[in-house]
Amino acid sequence: WARGCVYGAGGGPDAINPLRAKIGGVDPFPAATQVRPMTAYVDELLYPRRLAAAILGVSGLVGLGLACIGLYGVVSFSVARRLRELGIRATLGARPADLVRLVLEEGGRMAAIGAVLGFAAGLAALRYTAHMAEGIPSADWLVFVSVPAALGVAVLVACYLPARRAGRVDPVETLRQ
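Residues numbered from 1 in each chain as written. Predicted model: local features only at pLDDT ≥ 70, side-chain atom pairs only at ≥ 80, totals over all residues. Heavy atoms only, no water.

Caption draft 1: How the structure looks around the overall build of the protein. Scanning the protein for helices and strands turns up 6 helices and 0 strands. The N-to-C order of helical and strand elements in the protein reads α-α-α-α-α-α. When each of the 177 residues of the protein is scored for burial, the buried share is 20%. Here the contacts in the protein between residues at least 6 apart in sequence split such that 62% fall between residues at least 24 apart. In the form shown here, the protein has an accessible surface area of approximately 12,400 Å², with 68% of it arising from carbon and sulfur atoms. (Helix = DSSP H or I, 4+ residues; strand = E, 2+ residues; numbered from the N terminus. Buried < 20%, exposed > 50% of the residue type's maximum accessible area, 1.4 Å probe, protein only. Contact = heavy atoms within 4.5 Å. Areas by Shrake-Rupley, 256 points an atom, 1.4 Å probe, with all protein chains shown as cover.)

Caption draft 2: Structural view of the pattern of salt bridges. Tallied over the entire structure, the rule returns 6 salt bridges. One salt bridge in this structure joins Asp43 and Arg50, with 3.2 Å as the shortest N-O distance. On the basis of relative accessibility, which here comes to 39%, the residue Asp43 falls in the partly exposed class. The exposure class assigned to Arg50 is partly exposed, which follows from its relative accessible area of 47%. Across the salt bridge formed by Asp98 and Arg95, the nearest N and O atoms sit 3.2 Å from each other. A single salt-bridge network, built from bridges that share partners, covers Arg82, Glu85, Arg89 and Glu106. (Salt bridge = Lys/Arg side-chain N within 4 Å of Asp/Glu carboxyl O.)

Caption draft 3: Representation of the packing of aromatic side chains within the structure. This structure, assessed with the given rule, holds 3 aromatic pairs. With centroids separated by 5.7 Å and ring planes inclined at 50°, the aromatic side chains of Trp141 and Phe144 adopt a geometry described as tilted. Of this pair, Trp141 and Phe144 both sit in helix H5 (residues 141-168), 3 residues apart, roughly one helical turn. Among the residues examined, Trp141 registers a relative accessible area of 48% and is labelled partly exposed. By relative accessible area, Phe144 is classed as buried at 14%. (Phe/Tyr/Trp six-rings, centres within 6.5 Å; stacked < 30°, edge-to-face > 60°.)

Caption draft 4: Just the side chain of Ser76, in detail. With respect to the helices, strands and loops of the structure, Ser76 is situated in helix H2 (residues 38-81). For Ser76, the contacting residues outside a window of four places in its chain are Ala158 and Pro162.

Caption draft 5: Region of interest: the nonpolar core. Of all hydrophobic cores here, the largest spans 11 residues; its members are Val75, Val79, Leu86, Leu99, Val100, Val103, Val155, Ala158, Cys159, Ala163 and Ala166. Breaking this core down by element, the ones donating at least two residues are H2, helix H4 (96-130) and H5. Sort the elements by how many residues they give to this core and H5 lands first, with 5 residues. Excluding anything up to four places from it in sequence, Cys159 contacts Val75, Val79, Val103, Leu104 and Gly107. (Core = buried A, V, L, I, M, F, W, Y, C linked by side-chain atoms within 4.5 Å.)

Structure representation (structure tokens):
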């Protein structure tokens, strides 16, 4: 009986002794050996789920980090391959700022298209799985905003750094290669 008993909001470990005394007055051999607050029982029951949620959250952040690193590598390599084209544009009179803007516009367009497609696919997947289990939210806007923002920043940085390097290269040296 006392196993699931909850003491008042002002109670704490000191409130267990009067409870044991009350039970001992009724039954000289009480079985109230594990009197704990209800929150301790709830925490004990929810621990596996909370641990699984924490592990999945960390795994998701690691996956996002790996996606940003991979995206940076691919976009940076793609821009570096265009070094000759950017050198020709510089020879024809393009300023370094024009080259950077050109590459950033193309990268930003690519990031926007990817964000829209990813948002639509993610929303469809979340709506589909929300019907399979209770308690899954139909939309998690924090994730839908932060993930495309992080990937968009990775794309823009990956475009900016090689484009800036290409803007500093001597056009004649680039054409000789």
